Amino acid sequence: MRKFSLLLKKELRELVTWQSVLPLLIGVLIMFFIGNTIGGIAKEEQANYGKMAVLNEDDSAYTKKLIEDLGREYQIKPLDKTLDDAQALSQAEKEGLNSFIRIPAGFGANIYEKGLEQEIKTVTRLKNFSITGGGNSGATAGAANAIREAVTTQMLQSATGKDAAFLKAPVVSKEKIFINQKSADVDSGSVINAVMSQSLFLPIVMFIVITFASQMIAAAIANEKSDKTLETLLSAPVSRTSVLVAKMSGAGIVALVYAGVYMLSFYFYMNGVTGGMMATAAADSAATTQALQTLGLQLQAGDYLVIGAQLFISILIALSIALIIGATAKDIKAAQAGVAPIVFLILIPYMLTMFTDIEKLPFIVKALIYILPFTHSFTTMNNLFLGNSLGVALGAVYQAVFLVIMIGLAVRLFNSDKIFTLKLEFRKKRQAYTNGQTGGLSAINRRRGDRL
Amino acid sequence: MDLVLDVAGLKKKYKETEAVKGISFSVKRGEIFALIGPNGAGKTTTLRVISTLLKPTSGHVQVDGMDVVKDAIKVRERISYLPEEAGAYKNMTGAGYLSFMASLFFDNTEKQKRQIKYAMELTDLRDRLSDKIGSYSKGMTRKLLIARAVMTEPVLAILDEPTSGLDILNALEVRKTIKTLAKEGVSFLVSSHNMLEIEYISDRVGIIDKGILHITGTSAELKEKYSANNLEEAFAKVVTGE
């Protein structure tokens, strides 16, 4: 045990270096910075969302009433009606807005008295083409819609004398969701969004950490082999299996810490991005939260334990595969080339679970997907939400068996000559640039000898 | 005769290739035995089998009376192996590396400290021992590794090309160290391409080629037998058969 702890410490010391920690810290800082920057912009946009600029050329009572009604929902900034579009935009921009609504002269009278179709114009200045580039143009367009709705309601009411709201929507749809035997009155979109927001981080973190951990251990073992420190270590009085287990444990611990740090940085990122929008969504989410509780779609501490355990098994499986590849590779480059396909073994189930229901795939495809050990970590959360305990258990057992087989293979490799004799390329061999160079030199020397 | 290494009929096959074809030799206590031969002769394979890294296909190898297959862990307690052009853990300091290796060999803390101190003096690296090995020159790393190899008080130190890649002065220093330690009772099994080095340090020499150990003897015996001026000529005659 004393020797194992020495080996483990040595592995951790080799793996946790400034070169490996710095990119992680920079990544966390970048996520935090981006999250807060986007969140800040979103908050600013949201602060402007309730504001709108109106250039009203129509002095009619109809229009005044419309704007008054609009003022209950929006903070209206009136613009000087003598200005052209460009000048009016400049005035709106002084108020921190990048768009305005222009209501033409005679708007009210033409609609209500003459029954003529009228046009209201929204004018926007685009300064960039990012997601937030539209600025408050969305609010302005919303206000333009609100004007149209208000006019329609008034006209319907005066024409029919009936409740305009009823006339516009005489049929109301309601959704009821069933999850197994439980049901709740909630729309499916909200449920899917809420569940996805709970399970968003994990597959991304798992993908990043497994990819990173595989590269890390494959490079570490290949490096140790090419530096011949492995030969030195294995000729010391330590068992080969303890060297292997120390390597796996060291990489596993580092990977778990990385997973935690990534989870935290994603949390910072999402918190920063969504921080500004949470308040408006709160009212809606209260109803959804109630529905999720009714449907049993909220993860409990035990569920998180199962998810964490399966994440760890997935990491260990990836590490054992990478360790075998690294130990049989010719050098670090060959090890990295050999480990690269592991990414696809993770990417395939990750994408499939995100975009489709694996159960609906053709049998052969489904079987191939389930053979991949990482699939079960991606499907666990879904199975937990759906109360499919058998699915969770079978997935965990399969992963555990897969892990035992992989570790068994790694132990066998470590205890055989192959750990030193196998030097696989895992990539296309380059054409040898000379053949029989020594023979060539010997031949030259022989010829010289002949002449002498 | 106090034998620390006894190799008898050792064969090692890699799939179809027989790298070592039934060689036999022995090393006495305090003796420096050199195995010389061209590239691919089977030197490194032989050293790796003796170091318990590879398993022999047939034959037997005993270190201090222990079988390298059956008593592998006990053999490892009695040997130290320095592979050709080996490195050390670049993120460790020189002192940290010696401490790590010492603690793998000795349970007793006092003993560990004593042996680390001895190895530190042997390296002659002084203040540089607190620097990371990644910042060392090839010569400094080799000195550190040689010190590590003898720090553990091995019955048999197995050194594959001990002066490979070293400059003249560093190589000279390493050779002197080996000779001094042999006088103190450490046995050495050395492999090298450098015939001058072998002639200088070794008590006995074995010439190996294509997996066959052609002859063993002192440098003087080999030179006399092949009417050669030096070991290099004797080696050439053995290998080419001329």
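Residues numbered from 1 in each chain as written. Chains lettered and ligands numbered in written order. Predicted model: local features only at pLDDT ≥ 70, side-chain atom pairs only at ≥ 80, totals over all residues.

1. Notes on the overall build of chain B
Next, step 1: The helix and strand tally for chain B stands at 9 helices and 10 strands.
Next, step 2: Against the compact-globule benchmark of 18 Å for 242 residues, chain B has a radius of gyration of 18 Å, which places it among compact chains.
Next, step 3: A principal-axis box enclosing the C-alpha atoms of chain B has dimensions of 55 × 40 × 35 Å.
Next, step 4: Each of the 242 residues in chain B was classed as buried or not, and the buried ones make up 48%.
Next, step 5: Partitioning the contacts of chain B with sequence separation of at least 6, the portion at a separation of at least 24 is 66%. (Helix = DSSP H or I, 4+ residues; strand = E, 2+ residues; numbered from the N terminus. Rg over C-alpha atoms; globule rule 2.2 N^0.38 Å. Buried ≥ 20, exposed ≤ 12 C-beta atoms within 10 Å, placed from the backbone. Contact = placed C-beta atoms within 7 Å.)

2. Some points on the packing of helix 9 (residues 201-226) of chain A against helix 13 (residues 301-328) of chain A
Residue and element names in this part refer to chain A.
Next, step 1: Relative orientation of the contacting elements helix 9 and helix 13 amounts to 30 degrees, with a least axis distance of 8 Å. The pairing of helix 9 with helix 13 is recorded here as roughly parallel in orientation. Seen from above, helix 9 lies across helix 13 with right-handed handedness. Here Leu202, Met206, Val209, Ile210, Ala213, Ser214, Ile217, Ala218, Ala219, Ile221, Ala222 and Lys225 of helix 9 lie close against helix 13, whose contacting residues are Ile307, Leu311, Ser314, Ile315, Ala318, Leu319, Ala322, Leu323, Ile325, Gly326 and Ala327.
Next, step 2: For the contact of helix 9 with helix 13, a count of residues per class yields 19 nonpolar, 3 polar and 1 charged. (Axes fitted to C-alpha atoms, helices over the stretch in contact; angles between N-to-C directions. Parallel < 35°, antiparallel > 145°, perpendicular 65-115°, else oblique. Left-handed = near helix turned anticlockwise from the far one by under 90°. Nonpolar A, V, L, I, M, F, W, Y, C, P; charged D, E, K, R; others polar.)

3. Observations regarding the domain arrangement of chain A
Next, step 1: In terms of domains, chain A is made up of domain 1 (2-35 + 181-421) and domain 2 (45-169).
Next, step 2: Computed over C-alpha atoms only, the centres of domain 1 of chain A and domain 2 of chain A are separated by 52 Å. (Domains from an automatic or database assignment.)

4. Structural notes on the interface of chain A and chain B
Next, step 1: Between chain A and chain B, the residue contacts involve 19 residues of the former and 25 residues of the latter.
Next, step 2: Listing elements by their share of the side of chain A that touches chain B, those giving two or more residues are helix 1 (2-15), helix 10 (229-234) and helix 18 (418-421) of chain A.
Next, step 3: A total of 5 residues in the side of chain A that touches chain B trace back to one element, the largest contributor, which is helix 1 of chain A.
Next, step 4: Grouping the constituent residues of the side of chain A that touches chain B by class yields 6 nonpolar, 5 polar and 8 charged.

5. Quick notes on the pairing of strand 3 (residues 99-103) of chain A
Residue and element names in this part refer to chain A.
Next, step 1: Burial analysis of strand 3 places 5 of its 5 residues in the buried class, which makes it a mostly covered element.
Next, step 2: In this sheet, strand 3 lies alongside strand 1 (residues 51-56) in parallel orientation, the contact comprising 4 bridges. In the strand pairing of strand 3, Leu55 is matched with Arg102. (Pairing = 2+ DSSP bridges.)

6. Re helix 6 (residues 137-160) of chain A
Residue and element names in this part refer to chain A.
Next, step 1: Along its 24 residues, helix 6 runs 34 Å from first to last C-alpha, staying within 8% of the 34 Å computed at 1.5 Å per residue.
Next, step 2: For helix 6, the set of buried residues is Ala139, Thr140, Ala143 and Ala144.
Next, step 3: Downstream of helix 6 by one or two residues, Gly161 has phi in the positive range, about 75 degrees. (Expected span 1.5 Å × (residues − 1).)

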